[in-house]
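So the chains spell out like this:
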Amino acid sequence: MTDNIREIPYNYTSYSDREIVIRFLGEDVWDDLNVLRTQRRTGRSARMLFEILGDVWVISRNPFLKNDLLKDRKRLKKIYDLHQDRLQRIQSGASDNPRASKVAACIERMLGDFYNWFEQEPKRRRKAKKVFSKYTHLNNIHFDAYTLTHSATDATDWRQHHPFCVLTPDSPEEISGLIRASRKLDLVVIPRGGGTGLCGGSVPLQDNAVMINVEKFDHIGKVEMCEVNGSTEATITAQAGAVTGHVMKASAPYVFATDPTSLWACTIGGNVASNAGGKHAVIWGTCVDNLLSWKMVMPDGNWLLIERMNHNMGKIPADQVTEFKLSRFEADGKTALEEPEILKIDGSHFRKEGLGKDVTRKAMGGLPGIQKEGTDGFITEATFILHKPYDVTRTVCCEFFGQELTLATRAMVAIKNHVDNAEGVHLEGLEHFDEKYVKAIDYINKSTRRERPRVVLLIDVSGNSETDVAKVCSDITRITSHGDGEGFIAVQEQDRNRFWGDRTRMAAIAKHTRAFKLNEDVVIPLPRLSEYNDYIEHLNIEMSITNKLDVLESITKFLQTTHDKLTLDDAVIQTELGVEDDGFLVDKLNECLQVVSERAGRWKRLLKGLDSPAVEVADLLGDAKFDKREDLFRVIQRGAKRISYRVDVEAPVLDRLRGHEPLIQGVKDCHTRTLSSRIVVATHMHAGDGNVHTNIPVNSNDYSMMKRAHHVVELIMAKANELGGVISGEHGIGITKLAYLDKNHLNEVAEYLKGVDPDQLFNRGKLMPGTDLSLTYTPSFNLLEMESMILEAADLTELSEEISPCLRCGKCKP
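Summarised in this report is the structure supplied together with it. Source: prediction; values computed, not measured. (Residues numbered from 1 in each chain as written. Predicted model: local features only at pLDDT ≥ 70, side-chain atom pairs only at ≥ 80, totals over all residues. Heavy atoms only, no water.)

## Here's the deal with the nonpolar core
Link 1 in the chain: Core analysis: the largest hydrophobic core is formed by 72 residues, its most contacted members being Leu 457, Ile 459, Ile 476, Ile 696, Val 698 and Ile 716.
Link 2 in the chain: Here this core gets eight residues from one element, more than from any other, and that element is helix α23 (residues 703-722).
Link 3 in the chain: Setting aside residues no more than four positions away along its own chain, Ile 459 makes contact with Arg 394, Thr 395, Val 396, Cys 398, Ile 415, Leu 427, Gly 429, Leu 430, Ile 476 and Trp 500.
Link 4 in the chain: Counting residues in each nonpolar core, the second largest holds 40 residues, with Leu 33, Ile 52, Val 58 and Leu 111 among its members. (Core = buried A, V, L, I, M, F, W, Y, C linked by side-chain atoms within 4.5 Å. Buried < 20%, exposed > 50% of the residue type's maximum accessible area, 1.4 Å probe, protein only. Helix = DSSP H or I, 4+ residues; strand = E, 2+ residues; numbered from the N terminus. Contact = heavy atoms within 4.5 Å.)

So, in structure tokens, the structure goes:
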């Protein structure tokens, strides 16, 4: 029984049968089933087992079905009787096989637990309503399927369990009582804002989680002038559920510096909990740099006010100590519990030296709330400093061409250094996207060159002098020309918005995979960006060659099968494919196989050379020699050694099969089918601080593709660390990056959480060593279409096409 087999019905997820069996029956049973599979005679018991597992799986992961069965006891009884009948048949067939009897006993226990849930759940819900209604209105306590489904995941689409219930309190004052009630009910508390997280930070890892949603805490105060470190500065206060874009709008004419891409969906509480960044982080830093104060409810139900002392109105200096005042209050939020504590944190805790962003050192010297991802308390409100806008801002768009990407990267670093050294002029934004995105968003060149740009930069240059800003923009276009590029300057607001409009469509990279992608945001030191970009290009070349070899393997199987059948029986091949033997077809098929085999041999040698750590790489293509693999990579990258399936394989093969349309179509189908599983790595970045978003579109129902993609992620994370970078600059850790987090950082945050939340009341399992994340999954749109037909629902093709280029903000999950 292989890992990727799907015999279990109703499995429209990224799970293989293996994960479903392990989830419900344990890994030992999976091992037993692998042995029993070799002993199958009729396979009837196996089919009944898989039917039971399919029923349990589809109901367990679907709150709509679960709630329906809670109400319809007759229907539940029918399913129960059906499962008992199948179980008895399985037990009867297993009576003479100890291993099969053991599996049957595990199935019986699983069904006992499954149906016990339907007996106990109504009591649990009634008790929860009674306890929670003391602190919030009954209408704010939700067990409906729509709300539970909406809260099961974030923008990653990964999930493991649905929450037990969802609370939507009316005011922050209710939080203290709800947290104490949750402890009394032995529930895990997970704060939730806009659901836009990109690391699974709010995904429940247990089935007893209560999700407290802050969507009603949306009050935004007016801009207020306050004394900050001896000067009068603009500030704004917003509750945790306020949408970031609305806060930004309310801050005008001042600049609200925390501006993630999802700003019109994400909320302030999530920004603080993840230490969010954005375009402006290059000049004013991430969320922690711009916070003046914030309020939290801690795991004991008491309040905590954190205030930044001696704010410098900019990034926290790495070489200085930053002070925060921590004031604790009782549940009423007014009565002080003790004298305020002064927390002193060395600047090195906030980001790794030499990096513009870094959210991997989660403990952050014991600073509560910030980048803890909801593991140490509940953020209810935050006050931010605001920045004065510059008098003049111009946008420069730089397009880079040619095969040598190193030139573009060097130019980008040179532009950053040049602006940093310019007097009175500042880099307010420096964004990058590569050729994969240029193609995905149908980017329209500003240059008159015929080819697409390989790299595009969008740069905001700001200052208070029109002359100074204009000169720096002109300098940027000059630097761009040295990197085989062209620069274009937008002065008017309308033109600037048009330039930046391309940046908002980055999610289109995942259109062909129905909007699913692995989204990683490593941070690389600027001087080493060229090495990282080369590495990604290297990976893409390797993945492309590997996929071409997979295509050739598929074509070889198809042609060989056709050849063998034709050799054995002319009538069979004519019946199956409608191919007429022209008297030379066997010879033509032999020639096609020879073409494929010869090209496969060359490409395998080429791949071996790119993979080899050895210095000497020789005669890989049969007509060239290279002293080291870097030289071979450069030759391929620059197009001197063209690797073309169309020219080298498809054209000669289809030419030989001319007149035999079924065979031609079979070869094309092999190519199309295998090409859909090709791994492609695309990058765009907040280039000013080295925050590189490395995205891998995947088909979540393609089990082997998912495995390969995760292996590529491992390579990318290792490369980021090797280059002196970190594995996340703004997305956080959550469940998607926990395996890659520095062990020292992980132990630091574990020690911190042990002190503030020893019972792991908040977001249990997150940011903790040893957390098992192997059983997370995602639904698949491709497979969901089949489920929709089974459930007599609407066809999902149109829906999936509409959301495929979405921003993955999480709003459409239900």
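## Here we look at the pairing of strand β14 (residues 455-463)
Link 1 in the chain: The buried fraction of β14 is high, at nine of nine residues.
Link 2 in the chain: Neither face of β14 is open: one carries Val 455, Leu 457, Ile 459, Val 461 and Gly 463, the other Val 456, Leu 458, Asp 460 and Ser 462, and all of them are buried.
Link 3 in the chain: Judged from the nine bridges that link them, strand β13 (residues 425-434) and β14 form a sheet pairing that is antiparallel. Pairing of His 426 across the sheet is with Ser 462, part of β14. (Pairing = 2+ DSSP bridges.)

## Side note on the pattern of salt bridges
Link 1 in the chain: Considering all chains together, one arrives at 49 salt bridges under this definition.
Link 2 in the chain: A salt bridge links Arg 183 to Asp 759; the nearest nitrogen and oxygen atoms lie 2.9 Å apart. Here Arg 183, found in helix α8 (residues 175-184), pairs with Asp 759, found in the loop between α24 (743-756) and α25 (781-790); they are 576 residues apart in sequence, far enough to count as distant.
Link 3 in the chain: A relative accessible area of 35% means that Arg 183 is categorised as partly exposed.
Link 4 in the chain: Residues Lys 357 and Asp 689 are paired through a salt bridge, measuring 3.8 Å at the closest nitrogen-oxygen approach. In this pair, Lys 357 is assigned in the loop between β10 (341-346) and β11 (378-385) and Asp 689 in the loop between β19 (682-686) and β20 (691-697), connecting sequence segments 332 residues apart.
Link 5 in the chain: Three or more residues joined by partner-sharing salt bridges are found here, namely Lys 279, Asp 460, Glu 493 and Arg 496. (Salt bridge = Lys/Arg side-chain N within 4 Å of Asp/Glu carboxyl O.)

## Describing the sheet that holds strand β5 (residues 224-228)
Link 1 in the chain: With antiparallel pairing, seven strands are arranged side by side in an open sheet as β5-β6-β11-β7-β8-β9-β10. Edge positions in the sheet fall to β5 and β10, since each of these pairs with one other strand and no more. Neighbour-to-neighbour, the strand axes of the sheet open up by a mean angle of 25 degrees, direction not taken into account.
Link 2 in the chain: The pairing of strand β8 (residues 303-308) with strand β9 (residues 321-329) spans six bridges and is antiparallel. Considered in β9, the bridge of Leu 304 is made with Arg 328. (Axes fitted to C-alpha atoms, helices over the stretch in contact; angles between N-to-C directions.)

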